[in-house]
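Next come the chains, spelled out residue by residue.
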Amino acid sequence: MPSPILPATPPNGAASVRACLESLADPDYKTFNAKLVPTVDPATMIGIRVPRLRALAKQLRRGDAHVVEEFLADLPHRYFEENMLHAILIGDMYPSLAQTIAALSRFLPYADNWAVTDTIRVPIRIDADARAWLDQLARWMRADHIYTIRYAVVALMTDFLDERFDPAQLRLVEQIHSDDYYVNMARAWYFATALAKQWGSALPLIEQRRLDPWAHNKTIQKACESYRVSAGHKTMLRSLRIPQRPPRTQSTL
């Protein structure tokens, strides 16, 4: 895939990156992607596939640092793809976790969709960072902004369900109470992945029905869709579904 071309003499870094993104527009992909991210106004979409955004991010990291700094500081962005590029860049642009957290704290309030938050990845370079990162994720889970909460849940799932897992982490997600679909889908995704990776610790949540009925059943559904959950465990989970009342019908008397 050829690298995107940044303008040679941009008025500033943010404008340079925006012009490059506009040059990559794919109207057909824009139409397709708009259906996947319905919370985003299609008028703010350019239509760029993620591999092309990653190629541009790679080019920017190798280029003038001032261009990247100006782009990251230019909030709020105009386009969905600017937010996506920001999400790709932010994870490894800073030498310390503290700087990354500060940059994320500036950016997350502007996130308005699942695609942007689910794209962000923060490397935990040393063990000492893990405690600070977990504490920060716990704070973000108590935020008022739904996509900040979703980001924190997905990051906890990505970063702490393997060797850094502790059963107390399940409680962080269990304590989230939200009416938002994207937050609750993230919760179900987290618990389903916990069932796949930490079965013994996660199963009591389901056996004891500690989740609200929607999250409980959605967790079971997603776990049963996973190839990482055994057939025997799927059978057990299906037996633990909470029956849902059918909608009441109007009498025809």
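Preceding this paragraph is the structure being described.
Let me sum up the structure you'll find in this document. (Residues numbered from 1 in each chain as written. Predicted model: local features only at pLDDT ≥ 70, side-chain atom pairs only at ≥ 80, totals over all residues. Heavy atoms only, no water.)

## Details of the nonpolar core
Applied cut-off: As used here, the term nonpolar core means buried Ala, Val, Leu, Ile, Met, Phe, Trp, Tyr and Cys residues forming a set that is joined through side-chain atoms within 4.5 Å. Categorising residues by exposure relies on relative accessible area from a 1.4 Å probe, with only protein chains included: less than 20% of the type maximum marks a residue as buried, more than 50% marks it as exposed, and the intermediate range marks it as partly exposed. A contact between two residues is defined here by any heavy atoms of the two lying within 4.5 Å.
Ranked by internal contacts, the top residues of the largest apolar core, which has 81 residues, are Trp133, Leu137, Tyr151 and Leu237. Leaving out residues up to four positions away in the same chain, Leu137 has contacts with Tyr151, Ala152, Ala155, Leu156 and Phe160.

## Here we look at the environment of Leu237
Selection criterion: A run of H or I in DSSP counts as a helix once it spans at least four residues, and a run of E counts as a strand once it spans at least two, with each numbered from the N terminus.
With respect to the secondary-structure elements, Leu237 resides in helix 14 (residues 231-239). Exposure remark for Leu237: the relative accessible area of 0% places this residue in the buried category. C-alpha separation for the pair Leu237 and Ile206, spaced 31 residues apart in sequence, amounts to 8.0 Å.

## Here we look at the pattern of salt bridges
The test is simple: What counts as a salt bridge is simple: a side-chain nitrogen of Lys or Arg found within 4 Å of a carboxyl oxygen of Asp or Glu.
In this structure the tally under the stated criterion is nine salt bridges. Across the pair Arg150 and Asp118 runs a salt bridge, and its minimum N-O distance is 2.7 Å. In this pair, Arg150 sits in helix 9 (residues 146-160) while Asp118 sits in helix 7 (residues 114-119), placing the two residues 32 residues apart along the sequence. Considered together, Arg150 and Asp118 belong to a single accessibility category, that of buried residues. In this structure, the salt-bridge partner of Lys197 is Asp162, at a minimum N-O distance of 3.3 Å. Of this pair, Lys197 sits in helix 11 (residues 181-197) while Asp162 sits in the loop between helix 9 and helix 10 (168-174), placing them 35 residues apart in sequence.

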